[in-house]
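Summary of the model geometry
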Amino acid sequence: MIELLSYDFLRRALIAAVLVGVAAPAVGTFIVQRRLALLGDGIGHIALTGVGLGLLTRSSPTILALVVSALGAVAIELLRVRTRTGGDVALALLFYGGLAGGVLFANLSGGSANLGSYLFGSISSVSTGDLYIIAGLAVAVIVILLLFGRELFVLCQDEEVARASGLPVRFLSLLIAVTAALTVVVAMRAVGLLLVSALMVVPVAAAQQLTRGFKATIGLAVVVGIVASVGGLWVSVDADFAPGPTIVLLAMAVFLVAVGTGRLVRMRRTDVS
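Residues numbered from 1 in each chain as written. Predicted model: local features only at pLDDT ≥ 70, side-chain atom pairs only at ≥ 80, totals over all residues. Heavy atoms only, no water.

1. Quick word on the overall build of the chain
Across its full length, the chain holds 11 helices and 0 strands. Going from the N terminus to the C terminus, the chain shows its helices and strands as α-α-α-α-α-α-α-α-α-α-α. Its C-alpha atoms give the chain a radius of gyration of 19 Å, near enough to 19 Å, the size a compact globule of 273 residues would have. Referenced to the eigenvectors of the C-alpha coordinate spread, the extents of the chain come out at roughly 65 × 50 × 30 Å. When the 273 residues of the chain are sorted by exposure, 48% land in the buried category. For the chain, the share of sequence-separated contacts (at least 6 apart) that also reach a separation of at least 24 residues comes to 75%. On the chain, the mean spot of the 18 positive side-chain charges and the mean spot of the 13 negative ones are 7 Å from each other. (Helix = DSSP H or I, 4+ residues; strand = E, 2+ residues; numbered from the N terminus. Rg over C-alpha atoms; globule rule 2.2 N^0.38 Å. Buried < 20%, exposed > 50% of the residue type's maximum accessible area, 1.4 Å probe, protein only. Contact = heavy atoms within 4.5 Å. Lys, Arg positive; Asp, Glu negative; His and termini not counted. Charge placed at Lys NZ, Arg CZ, Asp CG, Glu CD.)

This is the structure:
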C-alpha cells in the first residue's frame, strides 16, 4: 500500500479511487431502490458520445461527457414518464445510440486509440486537472444527496406516495437522473464507462445482504465501494493488472462474501428462534 503514496500519479489515483468509492455506491443505493439498476450503464454509453465529441473537437472529453450524459439522463427520464415506451426500452434506445455516436466521433477524430481508457478506465493516468473535476463532481453528488436525501428516499420507495405527500416528483426524478450522470463521469476514469454501473450497483447489492435499514445500506455500500476502489487500485499496481476490471472484480468478490455471510447470519437467527 505504501507504493500508492510514492509517486504523484499514484497519489492522484488513490484520491480519485476514494472519491469514486464514496460517490458511486451512495447514488447507486437510490437507483437500486428505484429498480433502475441499469440506469448507470445506459448513461455511461451516452457519455461515450461526449467523450467522442471531446476527442473530435480537441476539447475536454470529461466536460463534454458531463454535458452529454446529463442531457441523456434527462431524456431517459422524460421518455420513461411521457411516452408509452417502457423505461427499459428508453434506456436501450439511448444506450445503443450513445455507444454508436461515441465510436463514430472517436474514429473521425483519429483518436480511437484513446477511447479504451474511457471505456475500461485508466485511473493511474488521472491528471491534476482531472482530479479537480472528479473532486468537484463528487462533492456536488454528496451535497445533492445530503440536501434531498429524504425526499429521494420517499420517491424511490413509492412514487405514488411521494406524489400524494406533495413532493415535486418530476423535479426529484430528474434530479436523481442527473446525479447519476454526474456519478458516471466521476467514475469514468476509474472503472470506465462500460463498467461504471457495476460500482454503482454491486456494493449496494453486497450491503443489502447484511443490512436492513436504508441508511445502514448506504453506509455499508460506501465502505464496500471504498474498499473495492482502493483495494483494486493497490492490486492492479502490485500485480500490473488493469485497474478498472480489478476494482469491479474485487467488488464482486466482496458481494459473494456478503451473500455467504448473510446466509450464515440468517441460519443462526433461525436456529436461535
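2. Considering the layout of surface pockets
The calculated volume of the largest pocket comes to roughly 310 Å³. Looking at the largest pocket, it is lined by 13 residues, and the ones nearest its centre are Phe 30, Leu 145, Gly 149, Lys 215 and Ile 218. Those elements that provide at least two residues to the lining of the largest pocket are helix H1 (8-33), helix H6 (128-157) and helix H10 (214-239). In terms of residue count, H6 provides more of the lining of the largest pocket than any other element does, 6 residues in total. Classifying every residue of the lining of the largest pocket by side-chain character gives 10 nonpolar, 1 polar and 2 charged. (1 Å grid on protein atoms, 1.4 Å probe; cavity = no way out; pocket = protein on both sides within 12 Å on 5 of 7 lines; lining within 4 Å. Points joined across faces, edges and corners; volume = space filled by probe spheres on them. Nonpolar A, V, L, I, M, F, W, Y, C, P; charged D, E, K, R; others polar.)

3. A look at the packing of aromatic side chains
Within this structure, the stated rule accounts for 3 aromatic pairs. Consider the rings of Phe 148 and Phe 171, whose centres lie 5.8 Å apart with planes at 65°: the pair is edge-to-face. Of this pair, Phe 148 sits in helix H6 while Phe 171 is found in helix H8 (residues 169-191), placing the two residues 23 residues apart along the sequence. Ring plane angle 55° and centroid distance 4.7 Å describe the contact between Phe 153 and Phe 214, whose orientation is recorded as tilted. You can see Phe 153 sitting in helix H6 and its partner Phe 214 sitting in helix H10, a full 61 residues away along the chain. Taken together, the ring pairs in this structure connect Phe 30, Phe 153 and Phe 214 into an aromatic cluster. (Phe/Tyr/Trp six-rings, centres within 6.5 Å; stacked < 30°, edge-to-face > 60°.)

4. Focus: the environment of Met 188
As for its placement among the helices and strands, Met 188 is situated in helix H8. A relative accessible area of 0% means that Met 188 is categorised as buried. In this structure Met 188 touches Val 51, Thr 62, Ala 65, Ser 117, Tyr 118, Gly 121 and Leu 193, once residues within four positions along its chain are discounted.

5. Here we look at unusual backbone geometry
The phi dihedral of Arg 58 is positive, around 60°, even though this residue is not glycine. Its location among the elements puts Arg 58 in the loop between helix H2 (39-57) and helix H3 (61-82). Positive phi, close to 60°, is recorded for Asp 240, a residue that is not glycine. With respect to the element layout, Asp 240 can be found in the loop between H10 and helix H11 (243-272). For Asp 240, a relative accessible area of 69% gives the class exposed.

6. Overview of the nonpolar core
Generally speaking, a soluble globular protein has its nonpolar side chains buried in company with each other. Ranked by internal contacts, the top residues of the largest apolar core, which has 70 residues, are Ile 43, Val 51, Ile 123, Val 191 and Met 200. In terms of residue count, the dominant contributor to this core is H8 (15 residues). (Core = buried A, V, L, I, M, F, W, Y, C linked by side-chain atoms within 4.5 Å.)

7. Some remarks on H2
Between the first and last C-alpha of H2 there are 27 Å, a value that for 19 residues agrees with the 27 Å anticipated at 1.5 Å per step. Just downstream of H2, Arg 58 is the residue with a positive phi angle, here 60°. (Expected span 1.5 Å × (residues − 1).)

8. Here we look at the UniProt feature "transmembrane region" (unreviewed entry) in the chain
Sequence positions flagged by UniProt for "transmembrane region" (unreviewed entry) are, in local numbering, residues 12-31, 62-79, 91-111, 131-148, 169-187, 193-210, 217-235 and 247-265. Overall, residues 131-148 shows 100% helix and 0% strand. The separation of its end C-alpha atoms is 26 Å. (UniProt positions renumbered as here; feature names shortened; annotations may be inferred.)

9. Here's the deal with helix H9 (residues 196-208)
Taking 1.5 Å per residue as the helical rise, H9 with its 13 residues ought to reach 18 Å, and the 19 Å between its terminal C-alpha atoms agrees with that figure. Counting buried positions along H9 yields 10 of 13 residues, so the element is predominantly enclosed. Residues Val 196, Ser 197, Ala 198, Leu 199, Met 200, Val 202, Pro 203, Val 204, Ala 206 and Ala 207 constitute the buried set of H9.

10. Description of the pattern of salt bridges
One pass over the structure, following the stated rule, counts 4 salt bridges. Linking Arg 34 and Glu 159 is a salt bridge whose minimum nitrogen-to-oxygen distance equals 2.7 Å. Of this pair, Arg 34 sits in the loop between H1 and H2 while Glu 159 sits in helix H7 (residues 159-164), placing them 125 residues apart in sequence. Here Glu 159 falls in the partly exposed class, since its relative accessible area comes to 23%. The residue Arg 163 makes a salt bridge to Glu 160 at a minimum N-O spacing of 3.2 Å. Of this pair, Arg 163 and Glu 160 both sit in helix H7, 3 residues apart, which is roughly one turn of the helix. Under the relative-accessibility criterion, Arg 163 is labelled partly exposed at 42%. (Salt bridge = Lys/Arg side-chain N within 4 Å of Asp/Glu carboxyl O.)

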